[in-house]
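Tertiary structure, described
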Number of protein chains: 2
Amino acid sequence: MLNTATEVADPEPDERPAPEPATAPPPVATGHDRDRLSVIGGLAALSLDAMASVAYGPEAIVLVLAAAGGTGLGFTLPVTAAIAALLIVLVFSYRQVIAAFPDGGGSYAVAKRHLGRRTSLTAAASLVIDYVLNVAVSTAAGVAALTSAFPGLLPYTVELCLAVLGLVTLVNLRGIAHSARTFIAPTALFVGAVLTVIVAGLLRGEPAVPVAAPVSATDPVTAVGALLLLKAFANGCAALTGVEAIANAVPAFRAPAVRRAQRAEVALGVLLGVMLLGLAVLISRYEIRPVPGKTVLAQVTDAALGHGVGFYLVQITTTILLALAANTSFGGLPVLAQLLARDNFLPHVFALRARRQVYRYGVLVLSALSALLLVFAGGQMNTLVPLFAIGVFVGFTIAQVGMVRHWRAERGTRWRAKAALNAVGAVLTGAAAVVTTASKFADGAWIIALALPVLVLGFEQVHRSYRRIGERLQLGRVPDEPCRGRSVVVVPVGCVSRLTHDALACALSLGDEVVALHAAYHDEPAERERFRAEWEAWHPHVPLAVVDAPERDLGSPVAAYIRDTYPDRHVFVLIAEVEPSRRWERILRNNRGNVLDRAVRRGTGAIVCRMRFPVPA
Amino acid sequence: MLNTATEVADPEPDERPAPEPATAPPPVATGHDRDRLSVIGGLAALSLDAMASVAYGPEAIVLVLAAAGGTGLGFTLPVTAAIAALLIVLVFSYRQVIAAFPDGGGSYAVAKRHLGRRTSLTAAASLVIDYVLNVAVSTAAGVAALTSAFPGLLPYTVELCLAVLGLVTLVNLRGIAHSARTFIAPTALFVGAVLTVIVAGLLRGEPAVPVAAPVSATDPVTAVGALLLLKAFANGCAALTGVEAIANAVPAFRAPAVRRAQRAEVALGVLLGVMLLGLAVLISRYEIRPVPGKTVLAQVTDAALGHGVGFYLVQITTTILLALAANTSFGGLPVLAQLLARDNFLPHVFALRARRQVYRYGVLVLSALSALLLVFAGGQMNTLVPLFAIGVFVGFTIAQVGMVRHWRAERGTRWRAKAALNAVGAVLTGAAAVVTTASKFADGAWIIALALPVLVLGFEQVHRSYRRIGERLQLGRVPDEPCRGRSVVVVPVGCVSRLTHDALACALSLGDEVVALHAAYHDEPAERERFRAEWEAWHPHVPLAVVDAPERDLGSPVAAYIRDTYPDRHVFVLIAEVEPSRRWERILRNNRGNVLDRAVRRGTGAIVCRMRFPVPA
């Protein structure tokens, strides 16, 4: 019914998006069979975000621990281990999500089925926020990788971020058809690079090059509180963003989709876990701490490979991968926005597809919001990462809770175990979300805390409006036969000319009754007479009514005349205007057409027809 | 004929300005008998600008001479004397203009009659430029007077200028009915103040307070070149701006208008001359030189009256008078613009009068341009004064040349003498214009040198366009009888709903033939079928045409269909749109209405009617 509402509230075919998998995976927005995914392909195509998070996740941990100096940094490995544990939980609960929702959809779909609208909208809102933050964070991180390699670029961080963003936006507006294949190479390359770094680092005892700011004995030995560890944990959870991507995109896999998707999910978990732990080991071995202008990953690379070709290769690969990671949001958000638009939660323009299947509005809005965030954060990835984590974990939590409901409803084999698993996930991710929000509130988390409810309320307001419009349009009901009525056409005339002639001819062919209406200024009686004379000289067989405009405003007297003369009839007002073909010549017209149009629309129920009298160049 | 062109090109009564004296005097834009002017009244009402120029004229001279140090400043008096001589010439030649053009009009009218269109347009352009510069200069000078009294305000010069400008603009948008009386008091007060300063100064031997930067013996004794003197002369001619005002406004005087106007003109000349010479005497006696932040007039006042109450009174009076001087442009330019619009040299919106007889567009444009100039010049009157002089003298010259032609044409008594007088005036003013432009070119005179031709070309281009439009509208001819033809109404439909129903009903009452047109996306066959089904279910007795939109764009196929199906018939396209009453809900609509509208207008000769389907809040 609501769906019809959409269609009827906006009765354009171009409004109605083609049926689409509930949430198509970003990279393969419209999944054609030719690029359905194998396990490896899917892993490569969909793990982009997850892998990319390796570039900022570990740094997020170290950043918090550094507050407690060397002692704190000592906890890098344990905290990472905890996150890896959470990763395992997440992976397994998402295996279950995949099994339970073979059509994909992730948190939005789960919540929609099991937790009611409000929650599903919250999930949607958190997804929207994630997509935006993913763009911002990935861009910032990519630029950070670049500036770590080429410190000369540091002063231009923000500009570089916006440049990358602009590039990605353009590419997406042009609408290149993503194929999963596109992403295999860079992802593989990046994973390979990171693993190389790890292996090389493990083999090598001493750092290849002295570390930027090694932990020194002079460090104050501070006590490391549980809260600090919790913060580090929560912050580090940013490394887990993206593990849901596969679950959102089950239908994109080759049959048997579920099995393949599950395998890919597990593989993703293993890879991600290995990389995180490996990096953590190196970080603690080399006693690396965050320094401004050089990412932790870059420092690790330096220490492991030395400051040579390898180093630069790794940095550049990272930058590219992160740019691609940002790009995935452009596949994702517009599709989500389109779904929300179809369900009447967003303006229907978001469901408008331009040439090459591009949802232009979605792309532009996403790009604009990300740009705002980047500017707000001065292009600093470490400012953005925590915000990212929040949204992601709200999503995770909702999905988990939904799954618990799901199992309770299904009561299949070992449902308690499954439910328990998801419950644990829910608790952990929920905790992470709360802690991050609390600890980062002043540093920007308030934005998320504000945006989330605002978005949800916005969705609902839009929905209410569409419903109202839908009702007004009498949805579902087959309308009765449209029947011909007598029509009155009122033609405002200011003088006698070809324009007036054509307008009246037009009106005569349209209406059963035609009235020419001349509004004369009260303070220009001479004018009025001049016009009367002109009219008499012409004497078309059309009745002329003259109204008096006491104030120097034509609109209201015309509207008043129509209101009073035809209180209960179908009235058409035909406004004829000169339309020069040259653009600049438009300024030669006056805005009388608009004035009348506005006044008539405001003051009467009449229908305004605007006839344009073309003037060739 | 052109005048009809105006009316027909824009057939709105509100377009046609009430008949007005060729160039009504600014302060009494629509001269009612009650405030026709006596000699004194006219002098007060129309000499505002001329008197005001006393505030910046002398400074303009001193500024140039100061370049040659003390020696240069010694020439202040002679240069002023030369200017006074020119003043006499101007006054007498304007007496002749008054006699020759009792309907007023000044340079524009003279040129229009005797020098052909191009020149009259040049005169008009120079007038426009003057009006704008008068606002900028007067405002800047007024603020300068203020800041000389209260140096604390100096840093806010530009802000103050814009504030004053804003105030004047608002007053003029509200449209207070100017009466000549309004201006008598302040003008008299100012003249009184300046004369007091002069008399007091002449009586007092020593300066009451030490002069800011007296000419010292240490000054290098530089040779004073003829060019410098010429520059000083040209620059000082700014003091003569405004002497034409009376000639522009003859009809505003009580009968015998010509005699009264001539007397007023002479009186103006005498007063202005006395003030200029008197100030020059004091300047040289007190060896005053320009210093930043304190106007020359302020310095003279200080020296003559001492830094007491009198000083502040004079400064404040000056500020007020200058604000009023700026205000006169707001009476003048909109009227001129209105005249040009009536002659089809400016867009007709400039002839549009709002409530209280205000030509809103003229006022706003004037204000915007002046604001630009003020910001460009950083609110420095000395940057603006030379530019002002140029425009004024172009106008003077044209008027004088026109008068020479006039006398040659009339060959009345002593016509040679009269012609000679005007010829001298023309040469002097022309020279002044050239010198100023040349010497100040780099410092902004280029703006005038650029604006003048651009304006003239603009006027002519606008004129050509209106003529073309007028011809297309078959001016003058009485059009033949408008006759009813068979009409086809095409209704683009996207779905079946109340909106569609109403649209079709509407179309049926309008057209002899109605066709529902559905554009379906090529890549959405399912959609097309769904729609067909809906339509069959409804089965209104209206033929349905379905066109295929291969690209994701509805406009062009619809336009193509109309073009091909009804190549030679009156076609109306009825676009029905939902119109929510709440403003923000407009974003819930898509722009399909506009898309179709644009495509149909571009691609066909059809007439677009847009039906709005209101949705109450």
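Rules used throughout
Residues numbered from 1 in each chain as written. Chains lettered and ligands numbered in written order. Predicted model: local features only at pLDDT ≥ 70, side-chain atom pairs only at ≥ 80, totals over all residues. Heavy atoms only, no water. Helix = DSSP H or I, 4+ residues; strand = E, 2+ residues; numbered from the N terminus. Contact = heavy atoms within 4.5 Å. Least-squares fit on C-alpha atoms with pLDDT ≥ 70 in both. Salt bridge = Lys/Arg side-chain N within 4 Å of Asp/Glu carboxyl O. Buried < 20%, exposed > 50% of the residue type's maximum accessible area, 1.4 Å probe, protein only. Buried area = accessible area lost by both parts, 1.4 Å probe. Polar contact = N/O pair within 3.5 Å; in protein donor to acceptor, adjacent residues only side chain to side chain. Nonpolar A, V, L, I, M, F, W, Y, C, P; charged D, E, K, R; others polar. Phe/Tyr/Trp six-rings, centres within 6.5 Å; stacked < 30°, edge-to-face > 60°. Expected span 1.5 Å × (residues − 1). Arc of directions from axis to C-beta. Core = buried A, V, L, I, M, F, W, Y, C linked by side-chain atoms within 4.5 Å. Axes fitted to C-alpha atoms, helices over the stretch in contact; angles between N-to-C directions. Parallel < 35°, antiparallel > 145°, perpendicular 65-115°, else oblique. Left-handed = near helix turned anticlockwise from the far one by under 90°. Pairing = 2+ DSSP bridges. Right-handed = clockwise from strand over helix to strand, strands pointing away.

1. A few points about the side chain of B:Asn235
Its location among the elements puts B:Asn235 in helix H11 (residues 226-236). Not counting chain neighbours up to four residues away, the residues in contact with B:Asn235 comprise B:Ala60, B:Val64, B:Val385, B:Pro386 and B:Lys440.

2. A short note on the relation of the copies chain B and chain A
Aligned on chain A, chain B shows an RMSD of 0.3 Å; the corresponding rotation is 179 degrees and the shift along the axis is 0.0 Å. Seen this way, the second copy is the image of the first under a two-fold rotation axis. Proximity to the rotation axis, assessed at the C-alpha, singles out B:Cys609 in chain B; its C-alpha lies 2.1 Å from the axis.

3. Points about the pattern of salt bridges
In total, this model carries 33 salt bridges over all chains according to the counting rule given. B:Asp548 is paired through a salt bridge with B:Arg528; the nearest N and O atoms lie 2.5 Å apart. Placement of B:Asp548 in strand E3 (residues 544-549) and of B:Arg528 in helix H20 (residues 525-538) is noted, with a sequence separation of 20 residues between them. In this structure B:Asp548 comes out as partly exposed when scored by relative accessible area, which is 30%. According to the relative accessible area criterion, B:Arg528 is buried, its value standing at 18%. One salt-bridge network, in which partners are shared between bridges, spans A:Glu577, A:Asp597, A:Arg601, A:Arg610, B:Glu579, B:Arg586 and B:Arg589.

4. Describing helix H2 (residues 39-46) of chain B
By the criterion of burial, H2(B) is predominantly enclosed, with 7 of the 8 residues buried. Taken as a whole, H2(B) has its buried residues at B:Val39, B:Gly41, B:Gly42, B:Leu43, B:Ala44, B:Ala45 and B:Leu46.

5. Here we look at the interface of chain B and chain A
Facing 96 residues of chain B, the contacting portion of chain A comprises 97 residues. Three residues stand out in chain B for area buried against chain A, namely B:Pro482, B:Arg552 and B:Leu588, and they jointly supply 8% of the buried area on that side. Joining chain B to chain A, the criterion identifies 6 salt bridges. Residues A:Arg468 and B:Glu585 are paired through a salt bridge, measuring 2.9 Å at the closest nitrogen-oxygen approach. Where chain B packs against chain A, one counts 22 residue pairs in polar contact (both at pLDDT 80 or more). Elements with a contribution of two residues or more to the side of chain B that touches chain A: helix H1 (2-9), helix H18 (415-472), helix H19 (498-510), strand E2 (513-521), H20, strand E4 (571-580), helix H22 (592-603) and strand E5 (607-615) of chain B. Of the residues belonging to the side of chain B that touches chain A, the class tally is 48 nonpolar, 17 polar and 31 charged.

6. With respect to the packing of aromatic side chains
Within this structure, the stated rule accounts for 14 aromatic pairs over all chains. Here A:Trp535 and A:Trp538 contribute two aromatic rings whose centre-to-centre distance is 5.5 Å and whose plane-to-plane angle is 80 degrees, an arrangement assigned as edge-to-face. With A:Trp535 and A:Trp538 both in helix H20 (residues 525-538) and 3 residues apart, this pair spans about one turn of that helix. Here B:Tyr94 and B:Phe396 contribute two aromatic rings whose centre-to-centre distance is 5.8 Å and whose plane-to-plane angle is 65 degrees, an arrangement assigned as edge-to-face. Of the two residues, B:Tyr94 sits in helix H6 (residues 76-100) while B:Phe396 sits in helix H17 (residues 381-410), which places them 302 residues apart along the sequence. For B:Phe396, a relative accessible area of 1% puts it in the buried group. Among the aromatic side chains, those forming a connected cluster through ring pairs are A:Tyr94, A:Phe393 and A:Phe396.

7. With respect to helix H9 (residues 157-174) of chain B
Residue and element names in this part refer to chain B. Over its 18 residues, H9 runs 26 Å from end to end, which matches the ideal 26 Å to within 8%, given 1.5 Å per residue. Within H9, the full set of buried residues consists of Thr-157, Cys-161, Leu-165, Val-168, Thr-169 and Asn-172. Within H9, the buried residues cover an arc of 100 degrees as seen down the axis, which keeps them to one side. Relative to its buried face, H9 has exposed residues pointing more than 90 degrees away, namely Leu-167, Leu-170 and Arg-174. In this structure, the buried residues of H9 make contact with helix H8 (116-149), helix H15 (309-342) and helix H16 (360-376).

8. Focus: the nonpolar core
Generally speaking, soluble globular proteins have nonpolar side chains that are buried together. The biggest cluster of nonpolar side chains holds 140 residues, and the ones touching the most others in it are B:Tyr56, B:Leu240, B:Leu384, B:Phe393 and B:Phe459. Tallying contributions element by element places H8(B) first for this core, with 17 residues. With near-sequence residues (within four places) excluded, B:Leu240 lies in contact with B:Ser53, B:Ile83, B:Leu86, B:Leu87, B:Leu90, B:Leu272, B:Leu276, B:Phe393 and B:Phe396. By size, the runner-up hydrophobic cluster in this structure holds 139 residues, among which are A:Ala123, A:Val296, A:Val300 and A:Phe459.

9. What about the packing of helix H21 (residues 555-565) of chain A against helix H22 (residues 592-603) of chain A?
Residue and element names in this part refer to chain A. Taken N-terminus to C-terminus, the directions of H21 and H22 make an angle of 40 degrees; their axes are 8 Å apart at the nearest point. The orientation of H21 with respect to H22, classified from their angle, is oblique. Both H21 and H22 take part in a crossing whose hand is right-handed. Residues Gly-555, Ser-556, Val-558, Ala-559, Ile-562 and Arg-563 of H21 form the contact with H22, whose own contacting residues are Val-595, Leu-596, Ala-599, Val-600 and Gly-603. Residue classes in the contact of H21 with H22 are distributed as 7 nonpolar, 3 polar and 1 charged.

10. Notes on the environment of B:Ile288
In this fold, B:Ile288 is placed in the loop between helix H13 (257-285) and helix H14 (296-305). Taking relative accessible area as the criterion, B:Ile288 reaches 1% and is therefore assigned buried.

11. Focus on the packing of helix H6 (residues 76-100) of chain A against helix H13 (residues 257-285) of chain A
Between two packed helices, the angle of one axis relative to the other and the distance separating the axes together describe the packing. Look at H6(A) against H13(A): their axes get within 10 Å of each other, and the N-to-C directions meet at 175 degrees. In terms of orientation, H6(A) and H13(A) fall into the roughly antiparallel class.

12. Notes on the pairing of E5(B)
Residues and elements named next belong to chain B. Across the 9 residues that make up E5, a large majority, 7, are buried. Of the pairings in the sheet, the one linking E4 to E5 comprises 9 bridges and is parallel in character. Bridging across to E5, Ile-575 finds its partner in Arg-610. Taken together, E4, H22 and E5 constitute a β-α-β crossover, and its handedness is right-handed.

By themselves, these are just geometric observations and shouldn't be taken as functional.
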